[in-house]
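Reading the structure
Now for the letters of each chain:
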Amino acid sequence: MEAAELVASRSTCDRLHVGAVITKEKNIIATGYNGSPSGMPHCDDVGHEMEGGHCVRTIHAEQNALIQAAKHGHSTKGTSLYITHSPCYTCAKLIITAGIQNVYFKNLFRESKGIDLLTTSNVYWEELNSDWSHNE
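Note that the coordinates shown come from a computational prediction; the quantities given were computed from them, not determined experimentally.

Here we come to the nonpolar core. Among the nonpolar cores identified, the biggest contains 21 residues, and Ile22, Leu81, Ile100, Val103 and Leu118 are the most heavily contacted of them. Counting residues per element, this core draws most heavily on helix H3 (residues 61-71), at four residues. With sequence-adjacent residues up to four places away left out, isoleucine 22 is seen in contact with Asn27, Ile28, Ile29, Ala30, Ala65, Leu66, Thr76, Thr79, Ser80, Leu81 and Ile100.

Right, dumping it as structure tokens:
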């Protein structure tokens, strides 16, 4: 989780700094933080692009970690994901489809729909700050 927090410090959206680390057999295979697509302006530089109360300029940390794994040819089947905040609903769908087996997060994001979806799909998840967890 410390690695995810370090990665989060690179975030370029000051609304929330989120970091993600994908591991396989105790090795880091990809990292990601919330930020703009490569070559595009960052929130820190040009401000937020708000729609429905959300900044849509950035790609979520989990999405960036999955993109990095794909870009470098790393399978995510059977991996673990460490993220500073619980996944949103969209990221939970990507996590499930990518075959990630375990999700660990430190902070609860503002909604639980993503966690509910992980539970329904039998993905093990655990909030590391509390006793709240789901086991298969």
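This next bit is on the packing of helix H4 (residues 89-97) against helix H5 (residues 113-120). Between H4 and H5, the least distance of the axes is 7 Å, while the angle of their chain directions is 25°. Classified by the angle their axes make, H4 and H5 are roughly parallel. Both H4 and H5 take part in a crossing whose hand is right-handed. Taking contact as the criterion, the partners of Tyr89, Ala92, Lys93, Ile95 and Ile96 in H4 are, on H5, Lys113, Gly114, Leu117 and Leu118.

Look at lysine 26: it is not a glycine, yet its phi comes out positive at around 65°. Mapped onto the elements of the fold, lysine 26 is located in the loop between strand S1 (19-24) and strand S2 (27-33). Taking the relative accessible area as the measure of exposure, lysine 26 reaches 84% and is therefore exposed. For asparagine 122, which is not glycine, the phi dihedral falls at a positive 60°. Within the secondary structure, asparagine 122 sits in the loop between H5 and strand S7 (124-127).

How each quantity is defined
Residues numbered from 1 in each chain as written. Predicted model: local features only at pLDDT ≥ 70, side-chain atom pairs only at ≥ 80, totals over all residues. Heavy atoms only, no water. Core = buried A, V, L, I, M, F, W, Y, C linked by side-chain atoms within 4.5 Å. Buried < 20%, exposed > 50% of the residue type's maximum accessible area, 1.4 Å probe, protein only. Helix = DSSP H or I, 4+ residues; strand = E, 2+ residues; numbered from the N terminus. Contact = heavy atoms within 4.5 Å. Axes fitted to C-alpha atoms, helices over the stretch in contact; angles between N-to-C directions. Parallel < 35°, antiparallel > 145°, perpendicular 65-115°, else oblique. Left-handed = near helix turned anticlockwise from the far one by under 90°.

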